[in-house]
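Here's the letter readout for the chains.
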Amino acid sequence: MINEPERKTVRAACPHDCPDTCAMLVTVEGGRAVRVAGDPAHPFTRGTLCTKVANYEQRTHSPDRIQTPLRRRTGAKGATGEARFEPISWDDALDEIAARFRALAASAEGAETIMPYSYYGTMGFVQSESMDRRFFYRLGATILERTICASAGSAGYDATIGARLGTDPERFADARLIVLWGTNTITSNVHLWPFILEAKHKGARIISIDPRRTRTADQCDEHVALLPGTDAALALGLMHVIFAEGLEDGDYLERHAVGAAELKQRAREYPPARVAEICGLTTDSIVRLAREYATTRPAVIRLNYGMQRHAGGGMAVRTVACLPAVTGAWRDPAGGALLSTSSTFPVNHNALKRPDLIPSPRPRTLNMSQLGDALTEVSDPPVRALYVYNSNPASVAPEQAKVLAGLRRDDLFTVVHEQFMTDTCDYADIVLPATTQLEHFDLHKAYGHLYLTINERSITPLHESKPNTEVFRLLAARLGFEEECFKDSDEEIARQAIDLDHPALAGITLDALRERGWMRLNVPETYAPFAAGHFPTASGKCELFNARLELQGLPAVPEFIPPRESRASAPELARRFPLALISPAAHAFLNSSFANLPKHLRQEKRPFVEINPEDAAARRIADGDRVRVSNERGSCELTAVVTTRARRGVVVSPSVWWNKLSPGNTNINQLTSQTLTDMGGGATFYDALVEIERLD
Ligand SMILES: Nc1nc2c(c(=O)[nH]1)N[C@H]1C(S)=C(S)[C@@H](COP(=O)(O)OP(=O)(O)OC[C@H]3O[C@@H](n4cnc5c(=O)[nH]c(N)nc54)[C@H](O)[C@@H]3O)O[C@H]1N2
Ligand SMILES: Nc1nc2c(c(=O)[nH]1)N[C@H]1C(S)=C(S)[C@@H](COP(=O)(O)OP(=O)(O)OC[C@H]3O[C@@H](n4cnc5c(=O)[nH]c(N)nc54)[C@H](O)[C@@H]3O)O[C@H]1N2
Ligand code: SF4
Ligand SMILES: [Mo]
């Protein structure tokens, strides 16, 4: 046994699905993690962690961790069933899973009956997209389309820009105008905030475009509270004014864009008066915003994923992404737009995930945003086994009633690999204990800055927990998969991920990363990705016109695609369910992670819904009343918070609460739908009409 020093500091990375990917320093004493802190030397982390992760050692050492593999002994599946679990050994658990998988793969219906289900409970390359992909590809299982978060916005941004490249967030400090469009920065991207404050101190104006008055909007110079799902109309309205008043950058458009004439034509259809009507804004505010945006340099737009959780979400992001080309804002390092920096990171996906292991004919694909349908309706063949890791679908997936009906099936064999006994675990046949970030190794890129970050293991795995990679190695061995890649260690996997001959990675190796903790990509300080054009599109230009979209039945030139459920687009439905529900990220939770820990529950208090005083009065609802929120898909119980933070006609319920820690054992995803977005097959969480009534 190696003698561990009594006290040491270990370099780690925050694993969560958050643009900031903070560099952490973990203090370990006598084999126990006693403190985590942000690395003060890291230029984006700057020594702080958010409130969610600041006590991560408590998550790791929580008495509520799953400690051993478990098998469901008796009782129906689900929180309200009588499911009782008993501890079993890892060997028994893995033997049972391997036997089930082997039998399904050998059956007439084949291995497509097995469905993996994962998202980014951890974002590390190693623990989120390596051995797992290799294993399920080699098995010939159903291929999962991972769409629950960002695929609409990604597709929309790529349709205009070509890839997820954008303004370096560290340059925001030099901007003169910062538009926070569909992002609650202080809640979900807090390390960008100091750069915004620095710009503000230097005289910049900050504008929030968000249906809700968020804590971020409180700190902005202006808050544009548009109706949910109307962003493309607003962007086209801004372009209408910009073109009409000759404020566009004709030179930039001519050199670096295609389709300026067509876009100008389209923008003519969106005069401010029409846009004001669609968005629920004043004409004046649209004209002012257009003039300010077009005449201030540098001007940068921070888009995040809020606006793309709607039926027209892809087109909304595509349309907003046209703006910096129209005004030439891309010319400045502190101008342009930032949705995600992820494409800046060159990654060897083929080595990491080994898609060459996918058998032919290629197994079918199922969309994770339609898990309810996958488990209850898909029949060619039906899903007979589900393996969940890095995700908690019983809480986070849309149209929850259908998801839970599927998970409740007695003939579905469900494995859940988890750190905590989540809602999803209640439906499992086998539960496996997972390590937390302090107990395994990983390597992280980021989607909100330009640094690669290492995560060294701080402590040995607690209880009987195992990392994802280890479980798939053991299952691969049991299933007789002989390819060498199933023997790769976690370090070897990390090395393979960045083993690429690419200028952005020059000088960056795993060894150098292990020595320093994190390294900035080889991208200049004054990085201005499109100052001289060179968009990574087919034409090499910013594609204001994109003919490939027509093949998908979408307009080649940006156009407003209305929400599926809104008063304007579904008046019949709106008569019964008149309120537009959005359920954005809660401040103290990270999706459903942390939503079981005492500190975080104290901070969020209780599941609630914000409702405007006029809408509340019309329903005789007072602040603090218990209410039922319902629509055709389901209902849940919440506490009403009567506030002007919600504009009239819009209600807001920060998410995601655990069902079993909520009144009535259900959460807000009872109300959300499995309808997909216009592009990217994404989830439409914020596109839902509801009615609210007081409970006595
Ligand atoms: N504290 C905290 N941080 C998180 C998370 C969390 O749960 N909690 N989740 C993480 C994850 S997985 C993600 S994807 C990101 C999400 O971070 P963001 O992409 O910023 O996401 P959301 O909270 O979904 O939405 C951001 C804002 O968009 C607004 N919004 C909703 N609909 C619309 C619309 O139609 N138009 C416009 N303009 N605005 C709209 C919401 O009111 C919200 O304030 O955050 C990450 N960080
Ligand atoms: N109504 C509504 N629903 C939403 C959203 C919303 O805004 N509103 N947001 C959506 C978005 S943006 C997203 S990204 C999804 C996110 O949904 P999920 O991907 O399900 O994210 P979490 O809820 O954080 O659950 C992640 C789980 O992974 C586990 N985990 C963490 N690390 C590991 C590990 O190393 N191994 C294993 N095996 N498990 C691990 C954690 O304990 C946690 O329970 O939710 C979506 N659902
Ligand atoms: S959740 Fe985001 S802000 Fe919080 S510590 Fe992790 S990376 Fe940093
Ligand atoms: Mo997400």
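The structure displayed is predicted, hence computed values, not measured ones.

The local shell around ligand 3 consists of Cys14, Cys18, Asp20, Thr21, Cys22, Leu49, Cys50, Lys52, Val53, His191 and Leu590. Split into classes, the residues belonging to the shell around ligand 3 amount to seven nonpolar, two polar and two charged.

This paragraph deals with the packing of aromatic side chains. In this structure the tally under the stated criterion is 18 aromatic pairs. Each ring, one from Phe135 and one from Phe136, has its centre 5.1 Å from the other, and the planes form 80°; the classification is edge-to-face. Given the relative accessible area of 4%, Phe136 is considered buried. Taking 5.6 Å as the distance between ring centres and 45° as the angle between the ring planes, the aromatic pair formed by Phe135 and Phe481 counts as tilted. Of this pair, Phe135 sits in helix H4 (residues 131-139) while Phe481 is found in the loop between helix H20 (468-478) and helix H21 (490-497), placing the two residues 346 residues apart along the sequence. Here the two residues Phe135 and Phe481 agree in accessibility, since each one is buried. Among the aromatic side chains, those forming a connected cluster through ring pairs are Phe101, Phe135, Phe136, Tyr387, Tyr389, Phe472, Phe481 and Phe486. Note that Arg46 overlies the ring of Phe195, its terminal NZ or CZ placed 4.2 Å from the centroid. Here the guanidinium or amino end of Lys466 rests over the ring plane of Trp90, the centre of that ring lying 5.1 Å away.

The local shell around ligand 2 holds 32 residues, among which Asn392, Glu418, Ser592, Ser593 and Tyr686 are the closest. Contact between ligand 2 and Val396: a nitrogen atom at 3.0 Å from a main-chain N or O atom of the residue. The separation between a nitrogen atom of ligand 2 and a polar side-chain atom of Asn669 is 2.9 Å. Relative to its unbound accessible surface of 920 Å², ligand 2 loses 97% to contact with the protein.

Once that is clear, we can look at the sheet that holds strand E18 (residues 442-444). Spatially, E18-E19-E20 is the arrangement adopted by the three strands of the open sheet, whose pairing is antiparallel. At either margin of the open sheet sits one strand with a lone partner, and together these are E18 and strand E20 (518-520). The sheet shows a mean angle of 15° between the axes of neighbouring strands, taken without regard to direction. Taken together, the three bridges between strand E19 (residues 451-455) and E20 define a ladder with antiparallel strand orientation. If you follow Thr453 over to E20, its bridge partner there is Trp518.

Let's shift gears to the pattern of salt bridges. In this structure the tally under the stated criterion is 60 salt bridges. For Arg11, the salt bridge goes to Asp39, with nearest N and O atoms at 3.3 Å. Residue Arg11 is found in strand E1 (residues 7-13), and its partner Asp39 is found in the loop between strand E3 (32-38) and helix H1 (56-60); the two are separated by 28 residues along the sequence. With its nearest N and O atoms 3.8 Å apart, the salt bridge here joins Arg364 to Asp380. Residue Arg364 is found in the loop between helix H16 (349-353) and strand E14 (365-367), and its partner Asp380 is found in the loop between helix H17 (371-376) and strand E15 (385-389); the two are separated by 16 residues along the sequence. Using a relative accessible area of 14% as the deciding quantity, one classes Arg364 as buried.

Moving on to the pairing of strand E17 (residues 430-433). Burial along E17 is two-sided: the residues Ile430 and Leu432 and Val431 and Pro433 are all buried. Sheet analysis places strand E4 (residues 70-74) next to E17, joined by two bridges and oriented antiparallel. Residue pairing for E17: Arg71 is matched across the bridge by Ile430.

Ranked by internal contacts, the top residues of the largest apolar core, which has 164 residues, are Phe101, Phe135, Trp181 and Leu234. When residues of this core are assigned to their parent elements, the largest contribution, 10 residues, is made by helix H9 (residues 231-244). If we ignore the near neighbours within four places in the chain, the residues touching Phe135 are Phe101, Phe472, Leu475, Ala476, Leu479, Phe481 and Phe486. Core analysis: the next-biggest nonpolar cluster, separate from the first, contains 26 residues, Cys14, Val36, Cys50 and Trp658 among them.

The class of Asp39 is buried, set by a relative accessible area of 5%. If sequence neighbours within four positions are ignored, Asp39 has contacts with Arg11, Ala23, Met24, Leu25, Thr45, Arg46, Gly47 and Trp518.

Attention shifts here to H21. Within H21 the residues assigned to the buried category are Asp490, Ile493, Ala494 and Ala497. End-on view of H21: buried residues confined to an arc of 100°, all on one side of the axis. In this structure, the buried residues of H21 make contact with helix H3 (125-128), H4, H16, E18, H20 and helix H22 (510-516).

Here the focus is the sheet that holds E4. Here we have six strands laid out as an open sheet, ordered E5-E4-E17-E16-E15-E6, and mixed in their pairing. The outermost strands of the open sheet, each flanked by one partner alone, are strand E5 (84-87) and strand E6 (114-118). Neighbouring strand axes in the sheet, compared pairwise and without regard to direction, differ in orientation by 25° on average. H4 contacts E6 and E15 of the sheet and is inclined by roughly 165° relative to E6. Seen against the sheet, H20 touches E15, strand E16 (413-418) and E17 and runs at an angle of roughly 150° to E15.

The rules behind these values
Residues numbered from 1 in each chain as written. Chains lettered and ligands numbered in written order. Predicted model: local features only at pLDDT ≥ 70, side-chain atom pairs only at ≥ 80, totals over all residues. Heavy atoms only, no water. Near = heavy atom within 4 Å. Nonpolar A, V, L, I, M, F, W, Y, C, P; charged D, E, K, R; others polar. Phe/Tyr/Trp six-rings, centres within 6.5 Å; stacked < 30°, edge-to-face > 60°. Buried < 20%, exposed > 50% of the residue type's maximum accessible area, 1.4 Å probe, protein only. Helix = DSSP H or I, 4+ residues; strand = E, 2+ residues; numbered from the N terminus. Lys NZ or Arg CZ within 6 Å of the ring centre and 35° of its normal. Polar contact = N/O pair within 3.5 Å; in protein donor to acceptor, adjacent residues only side chain to side chain. Areas by Shrake-Rupley, 256 points an atom, 1.4 Å probe, with all protein chains shown as cover. Pairing = 2+ DSSP bridges. Axes fitted to C-alpha atoms, helices over the stretch in contact; angles between N-to-C directions. Salt bridge = Lys/Arg side-chain N within 4 Å of Asp/Glu carboxyl O. Core = buried A, V, L, I, M, F, W, Y, C linked by side-chain atoms within 4.5 Å. Contact = heavy atoms within 4.5 Å. Arc of directions from axis to C-beta.

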